[in-house]
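A look at the structure
As a plain string of letters, each chain reads:
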Amino acid sequence: MLSSKEAISLEDNYGAHNYHPLPVVLSKGDGVYVWDPEGKRYFDFLSAYSAVNQGHCHPHIVNALKEQAETLTLTSRAFYNNVLGEFEKNMCEIFGFEKILPMNTGAEAVETAIKICRKWAYEKRGIPENEAQIIVCENNFHGRTTTIISFSNDPDASKNFGPYTPGFIKIEYNNIDKLEEALQGDNVAGFLVEPIQGEAGVMVPDADFLHKASELCKKHNTLFIADEIQTGIARTGSLLAVCGDCTCEGSCERQPGTYTKPDILILGKALSGGAYPVSAVLADDNIMEVIKPGQHGSTYGGNPLGTKVAIAAMEVIENEKLAQNARRLGKIFRSEMEDLKSKCSLVKTVRGKGLLNAVEINDSPDSSTAWDICMKLKENGLLAKPTHGNIIRFAPPLVMTEKQLMECVSIIKKTIVEFHENSN
Ligand SMILES: *Cc1c(COP(=O)(O)O)cnc(C)c1O
């Protein structure tokens, strides 16, 4: 097997430099653990940006993958296949929608949602052609296509990739007044929002923001579009972040007042438990029916291998009660980090929901402090990555036990306290 040094050197020499990874090479994963080629074991506190909520190489998902891989992998949608329908029924029931449109990556699903919203605007709302506008939020992250980066305000994501796609209005996140103001426009067709802004640094909005936003959208006959690619699939302690305080795993009467049903729901990442790229857009018939044969699609979208994997991945979420586990462990994690904050001035804020949490480091976003702490965490056997300079996101697989979590808490506390002492 290649050594870590050799693997890094190959990537440096032959791969485009479109990422800046922490210098650790992973060669094996199992549950909450990953290993490097030299055999050192780490707790994974990124979970591939919340794609492996079910843990690395979950046997139920891997078995589904293996079995289907030996049977049928791809048919294209030129023909029916015998798995897609089962997947579609399953997902519609779990998430409470009438229709689903399967794609592969998150960005493709966001693109799909934008296209559906625009078509709905012209065909159902009567907005003049090419005039539809979609409201988005500052500091959003929805993916990397040319249209999506057109409404990003991260210069790295957008600079020198123009010309940009028009038709988007940007407002402040978690500002209901600004949303109401923007909704006054005649041609506003949708509001695209992350229920918690993950990449921006785990920004949790006010408890009633999503509900109020969805009510306002309803009032203005505008589609409320939730990008739950990172927050969905049990990550924040409920099946979806829009479920609020409901802890069931779907297929239920959700509690009115807590559950905010989006008009369009976007899923990806953990929908397939990290084993195969599967994303999807869900909506009811009155919206999804604007898409007719030939108007949208993808060669791999809805393939038997991916859909079988997704069915198994969702079974794991339900069977192992991962939403409940995320909710319970998340509370413990945040209270332990609050305890650290009270003892160590290097910790500025602690925030999050379920097992999507962040610790903000008390230093300038331009400093390397958060990166340096992540390097120390790595040495101490725990992998996390800074986002936006001085914020460290902590998002372990949801299959973690309380005992493992407490071991991780002690690694994090010890590392940050020692780092602080050594830098004083
Ligand atoms: C990761 C992510 C995406 C993009 O998904 P890809 O599979 O990387 O294209 C979109 N929206 C959110 C909220 C994400 O976290």
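Throughout this description, residue numbers start from 1 for each chain and increase along the sequence as written. At least 70 in pLDDT is required for a residue's local features to be given in this predicted model, at least 80 for side-chain atom pairs to be given and counted, and no such filter applies to totals for whole chains, interfaces and linings, which use all residues. As a convention, hydrogens and water are excluded, and side-chain values are obtained from all of the structure's heavy atoms.

1. A closer look at the overall build of the protein
Short version of the rule: Helix numbers and strand numbers start at the N terminus; a helix is a DSSP run of H or I with at least 4 residues, a strand a run of E with at least 2. Buried means the residue's accessible area, taken with a 1.4 Å probe over protein chains only, is under 20% of the maximum for its type, while exposed means over 50%, and partly exposed covers the values in between. In what follows, residue pairs with any heavy atoms lying within 4.5 Å of each other are defined as contacts. A 1.4 Å probe and the Shrake-Rupley method give the accessible areas. Residues count as covered only by the protein chains that appear here.
Secondary structure assignment for the protein yields 14 helices and 15 strands. In terms of its C-alpha atoms, the protein occupies a principal-axis envelope of roughly 65 × 55 × 45 Å. The buried share of the protein, taken over its 424 residues, is 54%. In the protein, the share of contacts with a sequence separation of at least 24, taken over all contacts with a separation of at least 6, comes to 73%. As displayed, the protein offers around 19100 Å² of accessible surface, 50% of which is attributable to carbon and sulfur atoms.

2. Looking at the side chain of Asp44
Here is the rule: When charges are counted, Lys and Arg are positive and Asp and Glu negative, with His and the chain ends excluded. Within this document, salt bridges are pairs made up of a side-chain nitrogen of Lys or Arg and a carboxyl oxygen of Asp or Glu, the two lying within 4 Å of each other. Pairs of N or O atoms within 3.5 Å make up the polar contacts considered here, provided that, within protein, one atom can donate a hydrogen while the other can accept it, and that residues adjacent in sequence are counted only when both atoms are side-chain atoms.
Relative to the helices and strands, Asp44 is located in strand 3 (residues 41-44). Put simply, Asp44 is tucked away with no salt bridge, and the nearest opposite charge, on Arg235, sits 8.2 Å away. From its side chain, Asp44 meets the backbone nitrogen of Leu46 in a polar contact 2.9 Å long. Within the local environment of Asp44, its side chain forms a polar contact with the backbone nitrogen of Ser47, the two atoms lying 3.0 Å apart.

3. Quick look at the domain arrangement of the protein
Interface size is commonly expressed as the accessible surface area that is lost when the partners come together. Spelled out, the test is: These domain limits were set by an automatic method or by a database of domain assignments. The term buried area refers to how much accessible surface (probe radius 1.4 Å) is lost by two components on association, counted for both of them together.
According to the domain assignment, the protein consists of domain 1 (4-54 + 322-423) and domain 2 (60-319). The distance between the C-alpha centroids of domain 1 and domain 2 comes to 27 Å. A buried area of about 2400 Å², summed over both sides, lies between domain 1 and domain 2, and 54% of it is on carbon and sulfur atoms. At the junction of domain 1 and domain 2, the tally comes to 1 salt bridge. One salt bridge connects Arg393 with Glu199, and the closest N-O pair in it is separated by 2.8 Å. At the boundary of domain 1 with domain 2, the tally comes to 17 residue pairs in polar contact (both at pLDDT 80 or more). Of all elements in the fold, only helix 2 (47-50), helix 12 (322-343), strand 11 (347-353), strand 12 (356-361) and strand 15 (391-394) reach the threshold of two or more residues within the side of domain 1 that touches domain 2.

4. Section: the sheet that holds strand 6 (residues 168-171)
Convention followed: Here, any two strands with at least 2 DSSP bridges between them count as paired. Convention adopted: a line fitted to C-alpha atoms gives each axis, helices being fitted over their contacting stretch, and angles between N-to-C directions are expressed from 0 to 180 degrees.
A sheet is described by the order of its strands in space; here 7 strands give the open sequence 4-10-9-8-7-5-6, paired in mixed fashion. Unpaired on one side and paired on the other, strand 4 (99-103) and strand 6 mark the two borders of the sheet. Strand-to-strand twist in this sheet, taken as the mean axis angle between neighbours without regard to direction, amounts to 20 degrees. Pairing analysis gives 5 bridges linking strand 4 to strand 10 (residues 279-283), with the strands arranged antiparallel. Within strand 10, the residue paired with Leu101 across the bridge is Val281. Relative to strand 8 (residues 223-227), helix 9 (residues 209-219) is tilted by about 145 degrees, and along the sheet it contacts strand 7 (188-193) and strand 8.

5. A look at the environment of Thr236
In this fold, Thr236 is placed in the loop between strand 8 and strand 9 (264-267). Remark: the alpha-carbon pair of Thr236 and Gly330, spanning 94 residues in sequence, is separated by 8.2 Å. Discounting residues that sit within four places of it in the chain, Thr236 has contacts with Ile196, Thr231, Ala241, Lys353, Gly354 and Leu356.

6. Thoughts on the packing of helix 13 (residues 369-379) against helix 14 (residues 402-423)
The test is simple: Orientation categories follow fixed angle ranges, with anything under 35 degrees roughly parallel, anything over 145 roughly antiparallel, 65 to 115 roughly perpendicular, and all other angles oblique. Note: crossing handedness is left-handed where the near helix turns anticlockwise from the far helix by less than a right angle, and right-handed where it turns clockwise. Residues were grouped as follows: Ala, Val, Leu, Ile, Met, Phe, Trp, Tyr, Cys and Pro as nonpolar; Asp, Glu, Lys and Arg as charged; and all remaining residues, including Gly, as polar.
Packing of helix 13 against helix 14 leaves a shortest axis separation of 10 Å and a crossing angle of 125 degrees. By the angle class used here, helix 13 and helix 14 are oblique. In the crossing of helix 13 with helix 14, the sense of the turn from one axis to the other is right-handed. Contact residues: Thr369, Asp372, Ile373, Lys376 and Leu377 in helix 13; Ile411, Ile412, Thr415, Ile416 and Phe419 in helix 14. Partitioning the contact of helix 13 with helix 14 into residue classes produces 6 nonpolar, 2 polar and 2 charged.

7. Brief notes about the site of the ligand
Put simply, the rule reads: We call a residue near a molecule or strand as soon as one heavy atom of that residue lies within 4 Å of the molecule or strand.
In the vicinity of the ligand, the contacting residues are Thr105, Gly106, Ala107, Phe141, His142, Gly143, Glu194, Asp227, Ile229, Gln230 and Lys269. Gln230 is positioned with one of its side-chain polar atoms (N or O) 2.8 Å from an oxygen atom of the ligand. Interatomic distance of 2.6 Å between a side-chain N/O atom of Lys269 and an oxygen atom of the ligand. For the ligand, whose unbound accessible area comes to 380 Å², protein coverage reaches 81%.

8. Quick notes on the sheet that holds strand 1 (residues 28-30)
Strand pairing in a sheet relies on backbone hydrogen bonds. The paired strands run either parallel or antiparallel. The mixed open sheet is built from 4 strands, whose spatial order is 1-2-3-13. Each having just a single partner strand, strand 1 and strand 13 (382-383) make up the two edges of the open sheet. Two strands pair when backbone bridges link them, and strand 1 and strand 2 (residues 33-35) are joined in this way by 3 bridges, in the antiparallel orientation. Looking across to strand 2, one finds that Asp30 is bridged to Tyr33. Seen against the sheet, helix 14 touches strand 2, strand 3 and strand 13 and runs at an angle of roughly 100 degrees to strand 3.

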